[in-house]
Amino acid sequence: MIRVSRSTLAWAVAAALVLGVSLGITVWQTKVRNEPQPAKFSGSSVVLGLPSLLGSPRLPVRLRVAIVRDEAAASYYTPPATLDRIVHAWRDALVEAGADARIISSSQLGSERAARVLVIPSSPCMSVATREAIDMAGARGQGLIVTGLAGVNDAGCRPLGYGLIVALTGASRVERLESRPAVYVTIPSGNPLAAGIPPGARLDLSPAGQVALRLAGRDALYSSYTLAPAEVAGQPLLDGAISHSTYRGARVAYWGFELRDAVPRPWTRAVLSLLVRNSVAWTARLAIASVEPWPHDHRAAASFTQDVEHEFTNARYAADSLRAIGIPGTFFLISDLALKNKRVARRLFASGEVGSHSENHRRLGGLPYERQLARLQTTQRDLTAMFGKEVSGLRPPEEQFDVATMRGWLGAGGTYVMGANDSRCVAPELLAIAGDTIVMLPRTGDDDFEAFGPNRPQDPASVAAALYADFSWIRELGGLYALSYHSQLLSRPEHLPGLSRVARLVAADSTVWVATAADIASWWRSRAELQASARMASSNRMEIIVHNRGKALVRGAVIRVFQPSAMTVVRSSGRLLRSDGGAIRVLIPFIAGGDRRVISVVLRSS
C-alpha cells in the first residue's frame, strides 16, 4: 500500500481548495458577465420624484397677511370661481408658512390696517379700491405681494396696459410669454427671495400666460429645462420671472406666475414654500437669515471629475495636468480595471480623490437591492484594500441609478452619489434614503461627450470655450460646476489641452471654491446641520444666532441676513464680509458640534 505523507496530503488539500475557489470565482464571473442587464433608464427620472431635505418654510414670527379677492378680477375668469381657487391656494400656502392668513374682498381693504402684508393674486381686472390700497401700502406700513397680470385692465375689464406692473417692479419692458410646451423658472442664489433655496433651483410650471420682465437684476428668470435663460420672443434680457423692489415706501415682491401654475411634484412644492416664506418675510420687513451655499466667501464651487474606464492609463495625463495647475481631481474608477492598473490608480489617489464607477461598468439601477448591494460591497472592498481607506463617492455607470442603488451605496460605506438630477438645481442635495441620508451631487453643464458632439468644433480652444461658457452661467447662478469627463476622451493626450485650458480659467477665479467631489459633499452635509436666525434685539442692534445641530466641527460658514430696513453697520462681534443689496454677511470661522453662537451687530440709520 502506498503511504501518503502528511505534507503531501496537506499540499493536495490546499491545491484542491485553491482550485475550487478559482473555479467558483470563474463560474461567478461568467454568471455576472451573462447576467441580463436591466432596462435602460436615467437616474434623473428617479430623482424627479424624490423630495430634497430643505430648510423649514416657516416664518420666524406669526403675522397677519390679507389675501385680496378683488370682485372686479372675478369677472375676468371663466368661470368666476377660478379666482377663488387662486386665492385659496395662497391661503393654504400662507397657513403652511405660519401666517395668520385671511381672505378679504377689495371693498374691505380700506379698513384693513392689521395686515403686515397684502397679497394681490392674479387680478387682471382691478377695482379702484385695490389700486388705492396698493398706493397706500407704504404709508400704512404694509408690504405687497403681487402676481400675474395685475391691473392690466380697469374694474370694467377695459385695457390699461402694463403700467402698474412697470411701476411696481421698475421693469423697462413687460410682456406675456409666448406659447411654450412647458414653462421653467430658475432661481439664482444671493437675493432676499432666494434665502434657503438651492442655487439654480428650477420650478416647473404649466403654461398659463405668465408675465416676463426686463430688469437689470432679476430674482428669478424664465429658462429652458437645462436652466439656460429663455427670453420672450428672443428679446434680450426679457426673461425676468420674479422681482423685489420698493413702491411708494412699500416693499414689493412681484411674481410673473401664479401658485396654481406649479406642476405638482415634491421638489417644486418645497421650493415654492420657501419662496412664499421669503416673499412674506421680506415685504413684512422681517430679518431673513440663511447659510450661504459655499464656505469662506465663495460665490460658487467647481469640481473636475473623471470616469476612469476605457483607456484607463490616460487618466494619469489629466491627473498630472490638474496637479500642475493646483486643482485636486476626482477620479471614479472601475475597480476591476484599477486592480489591473494599480500603479496608475495609486497615482490618481495621490492627485485628489478616488471613488467608484462600479466594479465592471455594468448597470446598477434596476437590479434587486441585494444584487446591487453585493456589487457595491465588492467595489468598495477592492478599492479600500488598494488605498487603505473607504471611498465615499459613487458614479453609477451610464448614470443609471435608483433608490436601491443609493441605499446599497450607503450600506457599502459610501456617502454620496454623483449623477443627473433632472437639472432641477445646480447644487448638491441631501436625500432621505431608508432612514439615512445621502448627498446627491449633480452633474452640471455638458460633459465631454456632449462637448465633442456632431457638428461641434473639436479643437482644444473651442472645446474649452464651450465648457467655460457652462461654468460662467453656473457661477452666475451661484451653483456647483461639476465637469464630468472620461479617460477615453478629454483625458487623451490630443484633447488634454482643452481640459487644461478650462481648468486654468476656473482656478484663476478667486470667487470659486475648487475642491474634490468628496469635500463638496462633506461640506453640504455639514452645512445642512447649521440653523441660522436673526432678530432685532433693539432699534439699532441685531442678533444673529447660529446653531450647529450636528456633531462635526463646521468651518468657514457664511451667514447672510437681509435687513428689515436700510441701516449702516457700525460694529459687530463677528467678522463681517463685504455685502450689497441691504445684506449683512458674517463669517463663522468654526463652530463645534452642538455649539451655539450669537453675533451682535450694531446699526445706525442710513
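The following paragraphs examine the structure supplied in this document. (Residues numbered from 1 in each chain as written. Predicted model: local features only at pLDDT ≥ 70, side-chain atom pairs only at ≥ 80, totals over all residues. Heavy atoms only, no water.)

Notes on the pattern of salt bridges
Per the counting criterion, the structure on display carries 32 salt bridges. For Glu543, the salt bridge goes to Arg535, with nearest N and O atoms at 2.9 Å. Taking the relative accessible area as the measure of exposure, Glu543 reaches 15% and is therefore buried. Exposure remark for Arg535: the relative accessible area of 45% places this residue in the partly exposed category. A network of salt bridges, in which partner residues are shared, links Glu292, Asp297, Arg560, Arg578 and Arg585. (Salt bridge = Lys/Arg side-chain N within 4 Å of Asp/Glu carboxyl O. Buried < 20%, exposed > 50% of the residue type's maximum accessible area, 1.4 Å probe, protein only.)

Quick look at the sheet that holds strand E22 (residues 530-538)
Taken together, the four strands give an open sheet; going across it, the order is E22-E23-E28-E25, and neighbouring strands pair in antiparallel fashion. Here the strands that pair on one side only, and so sit at the sheet edges, are E22 and strand E25 (567-572). Ignoring which end each strand starts from, the neighbouring axes of this sheet average 30 degrees apart. (Pairing = 2+ DSSP bridges. Helix = DSSP H or I, 4+ residues; strand = E, 2+ residues; numbered from the N terminus. Axes fitted to C-alpha atoms, helices over the stretch in contact; angles between N-to-C directions.)

Comments concerning the sheet that holds strand E12 (residues 288-291)
One key point about sheets: their strands pair by backbone hydrogen bonds, in either a parallel or an antiparallel sense. As summarised here, the arrangement of the four strands in space is E12-E24-E27-E26, forming an open sheet in which the pairing is antiparallel. Single-partner strands in this sheet number two, and they are E12 and strand E26 (575-577). Averaged over all neighbouring strand pairs, the angle between strand axes comes to 30 degrees, with direction disregarded.

Overview of the pairing of strand E8 (residues 211-214)
In terms of strand pairing, strand E5 (residues 173-176) meets E8 through four bridges, oriented antiparallel. Bridging from a neighbouring strand, Val174 pairs with Leu213 of E8. Of the strand pairs in this sheet, E8 and strand E10 (residues 238-247) are connected by two bridges, and their pairing is antiparallel. Bridged to Leu213 within E10 is Gly240.

What to know about the pairing of E22
Here E22 pairs with strand E23 (residues 541-548) via eight bridges, running antiparallel. Along E23, the bridge assignment pairs Gln531 with His547. Taking the residues between adjacent antiparallel strands as the criterion, E22 and E23 are bridged by two residues.

Some points on empty space enclosed by the protein
By the definition in use, this model includes one cavity of 30 Å³ or more. What lines the largest cavity is simply Leu48, Arg202, Asp204, Arg265, Trp267, Thr268, Asp422 and Arg424. If you list the elements that add at least two residues to the lining of the largest cavity, you get strand E7 (201-205) and helix H7 (266-283). Residues of the lining of the largest cavity, tallied by class, amount to two nonpolar, one polar and five charged. (1 Å grid on protein atoms, 1.4 Å probe; cavity = no way out; pocket = protein on both sides within 12 Å on 5 of 7 lines; lining within 4 Å. Points joined across faces, edges and corners; volume = space filled by probe spheres on them. Nonpolar A, V, L, I, M, F, W, Y, C, P; charged D, E, K, R; others polar.)

With respect to the state of the cysteines
Counted by the stated rule, this structure contains one disulfide. Paired through a disulfide, Cys125 and Cys157 show a sulfur-sulfur distance of 1.9 Å. The S-S bond linking Cys125 to Cys157 shows a torsion near 120 degrees; that makes this disulfide right-handed. Pair noted here: Cys125 is in the loop between strand E3 (117-120) and helix H5 (128-136) and Cys157 is in the loop between strand E4 (143-147) and helix H6 (163-169), with a separation of 32 residues, a long-range link. Since its relative accessible area comes to 0%, Cys125 is described here as buried. Cys157 gets classed as partly exposed once you look at its relative accessible area, which sits at 29%. (Disulfide = S-S within 2.5 Å.)

Looking at the packing of helix H8 (residues 315-325) against helix H10 (residues 342-349)
Packing of H8 against H10 brings their axes to within 10 Å, and their N-to-C directions diverge by 25 degrees. Between H8 and H10, the crossing angle belongs to the class labelled roughly parallel. Helix-helix and strand crossings are classified by hand; for H8 and H10 the assignment is left-handed. Across from Ala315, Arg316, Ala319, Asp320 and Arg323 in H8, the residues of H10 making contact are Val344, Arg347 and Leu348. Residues of the contact of H8 with H10, tallied by class, amount to four nonpolar, no polar and four charged. (Parallel < 35°, antiparallel > 145°, perpendicular 65-115°, else oblique. Left-handed = near helix turned anticlockwise from the far one by under 90°. Contact = heavy atoms within 4.5 Å.)

Side note on the nonpolar core
One finds Leu94, Phe257 and Ile544 to be the most contacted residues of the largest nonpolar core, which totals 95 residues. Per-element tally for this core: the top contributor is H7, with nine residues. By size, the runner-up hydrophobic cluster in this structure holds 59 residues, among which are Leu348, Phe401, Leu483 and Val502. (Core = buried A, V, L, I, M, F, W, Y, C linked by side-chain atoms within 4.5 Å.)

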